[in-house]
Structure formats: structure tokens, C-alpha cells
Amino acid sequence: MNINQSAPPTLPYGQPQPAYPGYHPASYGGQPGSTVPPASYGPSYNGPVPGYQQTPPPGMSRAPPSSGVPPASTAQTPGGHATYSHFGQGDVQNGPSSTVQMQRHPGPQPFGPAPLAPVVSQPTVLQPYGPPPTSTQVTTQLAGMQISGAAAPAPPQTGLDYGPPTSGSFPNSGLYGSYPQGQAPPLNLAQGHPGTQPSQRSAPPQASSFTSPASGGPRMPSMTGPLLPGQGFGGPPVSQPNHVSSTPPQALPPGTQMTGPPGPPPSVHPSQAGYQLQQNGSFGPVRGPQPNYGSPYPGAPTFGSQPGPPQSLPPKRLDPDAIPSPIQVIEDDRNNRGSEPFVTDVRGQVPPLVTTNFLVKDQGNASPRYIRCTSYNIPCTSDVAKQAQVPLAAVIKPLARLPPEEASPYVVDHGESGPLRCNRCKAYMCPFMQFIEGGRRFQCCFCSCINDVPPQYFQHLDHTGRRVDAYDRPELSLGSYEFLATVDYCKNNKFPSPPAFIFMIDVSYNAIRSGLVRLLCEELKSLLDFLPREGGAEESAIRVGFVTYNKVLHFYNVKSSLAQPQMMVVSDVADMFVPLLDGFLVNVSESRTVITSLLDQIPEMFADTRETETVFAPVIQAGMEALKAAECAGKLFLFHTSLPIAEAPGKLKNRDDRKLINTDKEKTLFQAQTGAYQTLAKECVAQGCCVALFLFPNQYVDVATLSVVPQLTGGSVYKYACFQVENDQERFLSDLCRDVQKVVGFDAVMRVRTSTGIRAVDFFGAFYMSNTTDVELAGLDVDKTVTVEFKHDDRLNEESGALLQCALLYTSCAGQRRLRIHNLALNCCTQLADLYRNCETDTLINYMAKFAYRGVLNSPVKTVRDTLITQCAQILACYRKNCASPSSAGQLILPECMKLLPVYLNCVLKSDVLQPGAEVTTDDRAYVRQLVTSMDVAETNVFFYPRLLPLTKSPIENTTEPPAVRASEERLSNGDIYLLENGLNLFLWVGASVQQGVVQSLFNVSSFSHITSGLSVLPVLDNPLSKKVRGLIDSLRAQRSRYMKLIVVKQEDKLEMLFKHFLVEDKSLSGGASYVDFLCHMHKEIRQLLS
Ligand SMILES: [Zn+2]
């Protein structure tokens, strides 16, 4: 179709939809929080262990210890916010190596232009090819390929008409928790610890612990014997070049025709009769950089010219079926690894992909739901690491939700003495600590310091040197657990008060006129019954307060003794103060009548407002001051509509300028307009004041500046452009309900400790850092992720591996101070091949996207893109050079674990932040930039490579989720219907030739032409197809952290442009390369590096 044809659709996705059917409080499902410990430990934790107690009843607050030995740490650092004793800067951190100067890591490499790729005269053709499960080959060659068209990012074509940049551009929203957070039954620990040593400290990395994505499938026999020349490759036709096959790979003699994938046979240029069969040697137990397969291939078996005149099959383009497919990789992993639980008892295991459903059994290492790494086998030396250029990073989600089948971390109470820690590096007791001298001392696994075991913690060792109570103590046998913190871990050495929520509502003209204020106030009346609470608590401990504002602020006294709420106006916004303390923050149930009365009155009070100007920074300031006055942490919920142009601190001007795109000044579009918000954020963090921001802009509001405080305080930003109640209320209310109910850790500090040899050097996410090690989080919710990069500061060794310990100190929703500990042991290697076969591409992409999205703050976007391409090429060239056997330069050889790196990287490169289309607004880009910053691996995966699900291909009675197809227009059949989702957007695409019966069943209209384009709600019809599709939409929404608004798109309709933006394997309107072209370009870059 003609991509240039479309005028911008006049409606957003904008048909009026059936009225919102009413909100049912029942669907809030007052779930207990995920951080709540199970009521009891289960039999195996009930041993007579001195000093060990059962989890206290939820909600019960611990009395401050009145006496007792202070923990070792307290002697060294005073209490106080920035210097929680366990995070003290004065502490020696990782043993002797801590003398190394801590430096902020400058990034994987300096920004600089990528080497200019020469024009490749050879066209490219893919050599589809079956067996080796450990490397992917794409044999390039031959005529017809438009390599030049694939070259690096072309300048975006501006001026193209495209879908409207309106409320659907980046719909966002939440939903009612994907996992009901019911109490999971405690793990059967007896069964869960079958005598294995969770620590596996001395087990050398070996093949048995190596898990490739294909490990669940039939293992390939190791390639030791000579192959049989003359034998054709007889595997089943596969669609993947490296599709795992149970057929032993066999060499092909020259001239043998490969059994290709379905589709046109691959063409091979006659002059290149001979690409060596490649093996990278990663099969089975074989180790080493590149096992020498030279001899097994004595005759240099090649596959080359085809029978028949090759000239008769002039290759036109690389066959998309023959290049690595994300769908195939995802399906293979589901099939191979989805059926068995992932048991964390082995060091350095690569977990199943994030797209695979699997259960986790914690047997000594943290679940991949909490920590995922770019590689589970890291080079022993920095030299090797630098050679490979593979970033060493962990994506950590400390408070991640767990499915109901998995137990929340146990809470350990060591009483007044507090958690046991290493005296030197302050690491917490964990399964990797080594007890010695009959149990009287222990050696720290992080810094090797020998520590005394306190008398109350003493226990005998068994014949293996393991404490006999190891399985009775979570901190000695599990990867993740919590400690109750003592008063020494509290601000000002005082146990915290329960947190408070303050709702701060813009009541300017726009907010009133759109119906937002009325909708919100009505919603809050019921929503306040569902504030987060712990365990079986009858009601939430969280207090609430209310503020409304335009260019002045209105505080409300809602004290329970009042007959009516009282309003106090503060017009001196330059010097914000809180006009009342008593009666501002109240308990919901005590003050319910007054609160309800207030929420009824607010829309009426401002119904006739003519005030269009708003302030913003003073609102946050007021909320923060109120929390400070109440001496508690908390969360502000801001509902804001416009650029704050009223005279006040933090006043902004409209500085949107699309002409800056692709200039050196483009970075200013992502930077804050003023430093005032950074300063304000810092004050908020010191108070434990987290800010969630709901934006309802009709035009530019400077998201880059307004999101500074939410970003630095761990809050979320939601944006509903051109908000209209009838179109957007479901999305907004779902997001709001979810955000209000989310379990949050307040006033938190996170510290990542590592064993000697590596250290955390860089951090990405929604937080604040005032030094190089402590990640300060005013609030951290269940969806927020922190990505941490590691660098070598010494040599690691293969025997001891490398350890990570993430400690999060936080205040729970009930006001309990706790420490959550996650431990993870990784393997270390001296051979590059071991690194390459234990990588996780999805995690790499998460890191690389965050790195790039931060880079745009300081560097031209083109530089950032080039840096990504160069790094990716270096990673793959290093593999080619060191891990693959010599072969023709015409072959592109990818490591099995990274075969999707090019396709995914291309998606990052052509994302709206790095290569915006003409329809993407500056605010959209800033919004997406900050969203991605705290995404987990599953979120970045689907965000960059959307899921495209065919709805009418599988039998209607088949209710399981249909297998996805690749995100490309050529995968769409005009006789079918598809759903596409990326975690933020949800499209239903209808082919023009869909059967009339299907149209009737789904849309209740007689033909395709009667379907309303842009529809956002499907009619509720009583037939199997309608039920199935609506059920699938519900299920997709339940899997995501924000509500995805549905947009129905008809083939050949104007809105289809918007939809096609998400078909990421295709060339994009903004100039982004197609997957095929990008792969060719990447190959060119690699060849250049190798030559
Ligand atoms: Zn230590």
C-alpha cells in the first residue's frame, strides 16, 4: 500500500465508546502485599534455633530494643539518612580491593562515530542451514541485495503523514495485578533441599551446569568424529538457520544442496562454491574457545553451488525465513524449558527466557524474577571482558511480584542484635558464607574477612563443614529472604511511622472541563478502601491527605471530628508551607464521612473556575513538607494538566522545538529546563517522598522537566494526551487503581555488593544517588527495576566464581523497617566461548537500551545510535574471531545465545527516542525515555519487539494463547485478524478479506466496511469467537503493568500507519532499517572489524 497516502486521521482512536460500565470495587481484590511473609515457616523452620523467631504477625510492630549488644555496624557509622549504618561510606567494601578509587564508569565505550562501512559489492543471500545449535550462520553473498539501503540509520523522513500523536500514541495504564498476591503456601523446604549444597562454591564451571536455551531438547552429540562427506544434510526442513535439530550435524560435500526451509530455495553464487560448515564447538560438554574442528572436516566440506544453473535463480533479497527468528527462539525456549521448575541450586545457570512461563524453586540463588544477568559466566580478567565488549550487568527488581505458587521471601528476625554481617565489607549472612573452626567463625564470601560467630548464632557443623541448621535458616539456604531491621537501620534512630498518601489534584479549567476532577473524586471514594496493607491487617496503616491547586494551593482539614471539611488556601507559592498539621493526614476509616463529603464537594467548588494557569513545583514542595511535618515517608499522587506557567518556583516556558531533531542540540529536548526540579527531588528523597505523576496534557507540557521528580523519587509517570472521560477513563482508572494499590517500599536504600574482582560501577533506573554506591529510593514499587553494570577491579577465578548480593533497606507499607537480600552466584571463565554461550540477549538489550536512553541526555542521538551499532559489531566480531572456526568472510556467524541481538538492537535503534517519526511528539519521546529506564527484562523485550498474535488461524475451541508471528507486514494475511501488543499499546488488526461470519461474530456488523476504525471496545457477544478474543485481550492486559487501550485497525485504513509503526522487522517510515537490511549492515561492520 502507499505509505505516503495517508492524511492524519482526524480522530485519535477516537470513536466514542460505550459508556464505562461502572467500576466494581470487587475487582480491586484487596490482596495482601507480596512482601508479606507467610504466617508461618512450615515445619522445617521450626527447629529450636536460638535467636531465631517465627515471622511476627503481619502488621505487628516490633518494639525497639531497649538493650543488647549493638550491631557491629553501629559503632562505625552514625545513624541518619545518608549514612545508614550498613551502607556507610566509610566501610571497607570489598576487601583490599576497596582501596581502588570508586569512579563512575564512563560507559562501555566513548561515543564516537562508527567506522564507516564500505559499500559491499557482493549482494547477500542467506544460506539457510540447519543444525548447529550453538551458532547461527547467515551466509551472505551474491547479487541483488541493496546493501546500501541497509546502511546505518538513514535520516528520518520528515513530513510524512502518520497517525495522530494523540492519546493513543503511548497509551499507558495499569491493571489489577497480574498475580493475585494471595499468600502462597510456603515452599516445601524439606523437599526443596535435597541435600545439595546451595552454595556450590567449589564446583568448577562445567558442561553439566551449562544450559543453553536448547538444553531441554535433545542434546546434540558432541562433534568429535569425522563427518561423512557426501552425505546430504537430512534434517527436517526448518525455518531457522540454527534451529535446534536432533540430527547430528553432518558435513556437506561441495555441491550438495541443502535442505532448505520452506520457501524459495536459497541461491548461492557459483563463484563462491564453498562456505565452510561452521561449528563453534559449543555442543555438549566441549569447552574452549573454538574446539578445533579443523581436522574433522578434512576436506573442508562446503556447501556451495546448487545443482542446476544457479543463474536461473537470481537472488532477490535475503530470505527472511532464513534469518534468526525471535518467534522461533521464544517457542523453542517455551517448549524446552517451560515444563520444569527452574531450581536455583546451581551456580551460573542461565534461566529460561522471560517469555517462557516457568516456576522457580529458590535453593540458594535469587530467582530470575529478582535478578537477571547479561551473562552467567563472566570473564576472569578485564582484558578478556574488554575484548568481548559484552556488558556485564544485572537487571534487579528487588520487590518483584511472584506468582501465587511461589513463596514470598521469609522474614528473619534476629532480635536486638540485628542481621549478622561481615565486619569488614558489611555483607549480610548468606548461603555462601563459609563456616570454619567448628562453627565458631565464618569467612566472608565477598571479602574473605574472618569473622567471629556471635554466641547466640553458634551452631555445629556437619561432616561436610556445613552448619547443621543450614536448612532451618533462610539466610543460610535461600537466595532471597528478609531481615527485620533494628532501630540502627532507621532514620534518626527512630522506628518509622506508617507512610502517608497525599492526593494533589489540579482543579484548573482544563481539568474541570475534561471531566477529570469529577471522575477522579468519585473514584477516590472507593479506592481509599484499597490502600496497600500487610498480611491480614484489617485496614491499611497508610494515612491520607488532600490538596487541590491551580495557581494557588488549597489544603483540606478532614479531621474525623469535623462535620464538614475545611479548606485553607495558600497563595504564597514562592515560600510554601503547610497551613495545618492536625487533621491533614488522617486515617481513612476514622474520617470517612468528612472525606466523602470533601470528594463530593471538590468538583462543585471549582465547577465554574476560569483559572487556566497552574503551578507545579510548589505542589510537590507542599506534599513533601507535609510528610516532613508528620515525620513519615509517603507518596504523592499528582494529577496535572498543563505546562506550569504561573509565577512560582519551577515555572516553565514552552521550549518545544522539533527543528532540534537530528542536531547537536537535540539532547536539550530530553534535559530538564531548570535545575529546580533536581533540587526539589533531592529534598523529596531525603524525606522518603515518592511522587507519582498523572499527566493529562492537551499540548506540550514538558514531560522531560515534569518527570524529573518522579524519576528521581521512584515514582511512575502516566500520560493521557487529550484526555476525554468517555475515551480514556478505563485506562486512567485502571492505572490509578493499580498504582495506589501497589506494594511500595519507602525511604529505601539499595546497595549491591560483589565478591572481590568485580564491582558495581553504574546504575540505571528511577532513583537518586548522592554517592557512587548507594541507590536511594524515596519509593520502590513492585514494578521498578534497577539495572547495575559491573566492571573488573581485579582478577576473578573460575573456582570461586563471582557473587552478587543486593541489599534493599526499606520501610514497608505498615511502617516496618526491613532488609531484603538477594544473592546470586555466577561462574567465571577464561575462555570467551564460555561467556558467549551463557549470555542472555534480552537482558543485554535491556541494558543497552537504558544505556542509550541515558546517552541522549548528553550526546547527539546519532552518536548514541552509532555507539550501539559499534558495540554490537564488536561483540559479534569478537565471537567470530575467537570462537568460530575460520570460514569465508561471506558468512555471518552469530553465537547461539545472541543470534537475536541484531534484530532486537535494530528495534532499539529505530525506537521513537533514537529515531523519531514525524508524528512522535517531544513529550512522547521524553515519556518513553523515562519509562524504559525502569523497565524489567520482560517489559523491554515486548516493548522493543511487539507480540503479534493471529486470532483466526487456530481452531476456535483452542483457548490457549496462539503462537505469535513475526512483526512484519508480510506475515499478515488479509483473511485473518491479529492482536499486537507491546506492553503499552494494543491493536486489533482486521484483514480486508476476513470472512463475513468472523466480522459478524466479533463486531456485530455485517461486513468489513461497517467495522468502525479506531474502535476501542469490542461488543460483548455471546459466541465462541467473541469470548475467545475478549478473553485474550483481558489476559494480555493482565500480564502488563499498565493498562493497554485497544485500537481496532482495518487493513488499508488510515490508522494502519500507526499500527505499522510496530511491525519492527520492516523498514520504518522514520528511516529505520528493516531487519534484513540491518543484518546485512551488521555483517558489513563485523567484516570491517575483522579485516
Ligand atoms: Zn566481607
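Residues numbered from 1 in each chain as written. Predicted model: local features only at pLDDT ≥ 70, side-chain atom pairs only at ≥ 80, totals over all residues. Heavy atoms only, no water.

**Notes on the overall build of the chain**
Next up, step 1: Regarding its fold elements, the chain presents 23 helices and 31 strands.
Next up, step 2: Scored against the burial criterion, the 1091 residues of the chain give a buried share of 64%.
Next up, step 3: Look at the contacts in the chain between residues 6 or more apart in sequence, and 78% of them connect residues 24 or more apart.
Next up, step 4: Total accessible area computed for the chain in this model is approximately 36500 Å², and 54% of it derives from carbon and sulfur atoms. (Helix = DSSP H or I, 4+ residues; strand = E, 2+ residues; numbered from the N terminus. Buried < 20%, exposed > 50% of the residue type's maximum accessible area, 1.4 Å probe, protein only. Contact = heavy atoms within 4.5 Å. Areas by Shrake-Rupley, 256 points an atom, 1.4 Å probe, with all protein chains shown as cover.)

**Here's the deal with the sheet that holds strand E30 (residues 985-990)**
Next up, step 1: With mixed pairing, 4 strands are arranged side by side in an open sheet as E28-E29-E30-E31. In this open sheet, the two edge strands, each paired with only one partner strand, are strand E28 (947-950) and strand E31 (1045-1050). This sheet shows a mean twist of 20° between the axes of neighbouring strands, independent of strand direction. (Pairing = 2+ DSSP bridges. Axes fitted to C-alpha atoms, helices over the stretch in contact; angles between N-to-C directions.)

**Things to note about helix H9 (residues 617-629)**
Next up, step 1: With 13 residues, H9 should reach 18 Å at 1.5 Å per residue; the first-to-last C-alpha distance of 18 Å fits that figure.
Next up, step 2: With respect to burial, H9 is a largely interior element, 10 of its 13 residues being buried.
Next up, step 3: If you check which residues of H9 are buried, you get Ala617, Pro618, Val619, Ile620, Gln621, Ala622, Gly623, Met624, Ala626 and Leu627.
Next up, step 4: Positive backbone phi, approximately 50°, marks glutamate 631, located one or two places after H9. (Expected span 1.5 Å × (residues − 1).)

**A look at unusual backbone geometry**
Next up, step 1: The backbone of asparagine 492 sits at a positive phi, close to 55°, despite the residue not being glycine.
Next up, step 2: Along the chain, asparagine 492 falls in the loop between strand E13 (480-484) and strand E14 (500-506).
Next up, step 3: Of note in this structure, asparagine 1004 is not a glycine but carries a positive phi near 60°.
Next up, step 4: Here asparagine 1004 is to be found in the loop between helix H20 (996-1003) and helix H21 (1024-1039).
Next up, step 5: Asparagine 1004 sits in the partly exposed class, given a relative accessible area of 45%.

**Digging into the coordination of the zinc ion**
Next up, step 1: Here the zinc ion is held by Cys422 (SG), Cys425 (SG), Cys444 (SG) and Cys447 (SG), and the distances to it run 2.2 to 2.3 Å.
Next up, step 2: Taken together, the 4 donor atoms coordinating the zinc ion and their angles of 102 to 115° define a geometry best described as tetrahedral.
Next up, step 3: The motif formed by the donor residues of the zinc ion, counted along the single chain, is C-x2-C-x18-C-x2-C. Here cysteine 425, found in the loop between strand E9 (411-412) and strand E10 (434-436), pairs with cysteine 444, found in the loop between strand E11 (441-443) and strand E12 (450-452); they are 19 residues apart in sequence, far enough to count as distant. Accessibility classification places cysteine 425 together with cysteine 444 in one group, the buried group. (Donors = N, O, S within 2.8 Å, 3.2 Å for Na, K, Ca; no water. Tetrahedral: all angles 85-135°; square planar, octahedral: opposite > 155°, others 65-115°.)

**Considering the environment of alanine 760**
Next up, step 1: For alanine 760, the position within the fold is in strand E22 (residues 758-764).
Next up, step 2: Residues alanine 760 and valine 788, 28 residues apart in the sequence, show an inter-C-alpha distance of 6.4 Å.
Next up, step 3: Those residues within four positions of alanine 760 in sequence are excluded, and the remaining contacts are Val752, Thr754, Val788, Glu789 and Phe790.

**Details of empty space enclosed by the protein**
Next up, step 1: In this structure, the largest cavity encloses a volume near 260 Å³.
Next up, step 2: Lining the largest cavity are 20 residues, and of these Leu931, Met935, Glu939, Ser1041 and Arg1042 lie nearest its centre.
Next up, step 3: For the lining of the largest cavity, the elements supplying multiple residues, two or more each, are strand E20 (717-719), helix H18 (922-933) and helix H19 (937-944).
Next up, step 4: Broken down by element, the lining of the largest cavity gets its largest block of residues, 3 residues, from H19. (1 Å grid on protein atoms, 1.4 Å probe; cavity = no way out; pocket = protein on both sides within 12 Å on 5 of 7 lines; lining within 4 Å. Points joined across faces, edges and corners; volume = space filled by probe spheres on them.)

**Quick look at the nonpolar core**
Next up, step 1: One finds Leu553, Phe555, Tyr836, Leu914, Leu979, Leu988 and Phe1003 to be the most contacted residues of the largest nonpolar core, which totals 151 residues.
Next up, step 2: Among the nonpolar cores identified, the runner-up in size contains 46 residues, and Val507, Val517, Ile602 and Phe723 belong to it. (Core = buried A, V, L, I, M, F, W, Y, C linked by side-chain atoms within 4.5 Å.)

**Re the packing of aromatic side chains**
Next up, step 1: According to the stated counting rule, one finds 31 aromatic pairs in the structure shown.
Next up, step 2: Relative to tyrosine 718, the ring of phenylalanine 694 lies with its centre 4.5 Å away and its plane at 10°, an arrangement referred to as stacked. Here tyrosine 718 lies in strand E20 and phenylalanine 694 lies in strand E19 (residues 689-695), a separation of 24 residues in the sequence. This pair shows no difference in class: phenylalanine 694 is buried, exactly as tyrosine 718 is.
Next up, step 3: Ring geometry for phenylalanine 987 against phenylalanine 1062: centres 5.2 Å apart, planes inclined by 45°, an arrangement best described as tilted. With phenylalanine 987 in strand E30 and phenylalanine 1062 in the loop between helix H22 (1056-1060) and helix H23 (1075-1090), this pair connects stretches of sequence that are 75 residues apart.
Next up, step 4: Feature note: the residues Phe639, Phe694, Phe696, Tyr718, Tyr720, Phe723 and Phe732 constitute an aromatic cluster, connected by ring pairs. (Phe/Tyr/Trp six-rings, centres within 6.5 Å; stacked < 30°, edge-to-face > 60°.)

**Some words on the pattern of salt bridges**
Next up, step 1: Going through the model one piece at a time under the given rule, you end up with 49 salt bridges.
Next up, step 2: The shortest N-O distance in the salt bridge between arginine 925 and glutamate 666 comes to 2.6 Å. Highlighted residues: arginine 925 in helix H18 and glutamate 666 in the loop between strand E18 (634-640) and helix H10 (676-687), separated in sequence by 259 residues. Across the pair, glutamate 666 and arginine 925 agree in class, each one buried. (Salt bridge = Lys/Arg side-chain N within 4 Å of Asp/Glu carboxyl O.)

**Some remarks on the environment of leucine 478**
Next up, step 1: Looking at the element boundaries, leucine 478 is found in the loop between helix H5 (474-477) and E13.
Next up, step 2: Between the C-alpha atom of leucine 478 and that of asparagine 823, which follows or precedes it by 345 residues, the distance is 8.3 Å.

**Notes on the pairing of E22**
Next up, step 1: With 7 of its 7 residues buried, E22 lies for the most part within the structure.
Next up, step 2: Two strands pair when backbone bridges link them, and E22 and strand E24 (residues 786-792) are joined in this way by 6 bridges, in the antiparallel orientation. The partner of arginine 759 across the bridge, within E24, is lysine 791.

**A look at H18**
Next up, step 1: With 12 residues, H18 extends 17 Å from end C-alpha to end C-alpha; this agrees with the ideal 16 Å at 1.5 Å per step.
Next up, step 2: With respect to burial, H18 is a largely interior element, 12 of its 12 residues being buried.
Next up, step 3: Within the span of H18, buried status applies to Thr922, Asp923, Asp924, Arg925, Ala926, Tyr927, Val928, Arg929, Gln930, Leu931, Val932 and Thr933.

**Topic: the sheet that holds strand E17 (residues 566-570)**
Next up, step 1: On the basis of which strands lie adjacent, the open sheet formed by 7 strands has the order E17-E16-E15-E14-E18-E19-E20 and mixed pairing. Either end of the sheet is taken by a strand with one partner, and the two such strands are E17 and E20. Averaged over neighbouring strand pairs, the angle between their axes works out to 20° when direction is ignored.
Next up, step 2: For E14 and strand E15 (residues 543-549), the ladder comprises 7 bridges, and the chain directions are parallel. Pairing of alanine 500 across the sheet is with arginine 543, part of E15.
Next up, step 3: Of the strands in this sheet, E14, E15 and E18 are in contact with helix H7 (residues 516-527), which crosses E14 at around 160°.

**A closer look at the packing of H9 against H10**
Next up, step 1: Packing of H9 against H10 leaves a shortest axis separation of 10 Å and a crossing angle of 20°. On the basis of their axis angle, the class for H9 and H10 is roughly parallel. Two packed elements cross with a definite hand, and for H9 against H10 that hand is left-handed. Between H9, through Ala617, Ile620, Gln621, Met624, Leu627 and Lys628, and H10, the contact on the second element is made entirely by Tyr677, Leu680, Glu683, Cys684 and Gln687.
Next up, step 2: Of the residues contributing to the contact of H9 with H10, the split by class is 7 nonpolar, 2 polar and 2 charged. (Parallel < 35°, antiparallel > 145°, perpendicular 65-115°, else oblique. Left-handed = near helix turned anticlockwise from the far one by under 90°. Nonpolar A, V, L, I, M, F, W, Y, C, P; charged D, E, K, R; others polar.)

**So, the pairing of E24**
Strand residues, when the strand is regular, have side chains that alternate between the two faces of the sheet.
Next up, step 1: Counting buried residues in E24 gives 6 out of 7 residues, a clear majority hidden from the surface.
Next up, step 2: Where strand E8 (residues 393-396) lies against E24, 4 bridges are found, and the strand directions are antiparallel. Paired with valine 395 across the bridge in E24 is threonine 787.

**Focus: a nonpolar patch on the surface**
Next up, step 1: Together, Met567, Val569 and Met605 make up a nonpolar patch on the protein surface, roughly 250 Å² of accessible area in all.
Next up, step 2: By the element assignment, methionine 567 lies in strand E17. (Patch = residues over 30% accessible without salt bridge, like charges linked within 9 Å, V, L, I, M, F, W, Y side chains within 5 Å.)

**Digging into the confidence of the model for the chain**
Next up, step 1: Residue-level pLDDT values for the chain average 78, and 71% of them are 70 or greater.
Next up, step 2: Low pLDDT (under 50) marks residues 1-133, which in the prediction has 374 contacts with non-local residues, meaning those over four places away or in another chain. (pLDDT = per-residue confidence, 0-100.)

**Here we look at the side chain of aspartate 783**
Next up, step 1: Its place among the elements puts aspartate 783 in the loop between strand E23 (775-781) and E24.
Next up, step 2: One polar contact links aspartate 783 to arginine 738, side chain to side chain, over a distance of 2.9 Å.
Next up, step 3: Residue contacts for aspartate 783: discarding those within four places in its chain leaves Lys397, Arg401, Arg738, Lys742, Ser934, Glu939 and Ser1041. (Polar contact = N/O pair within 3.5 Å; in protein donor to acceptor, adjacent residues only side chain to side chain.)

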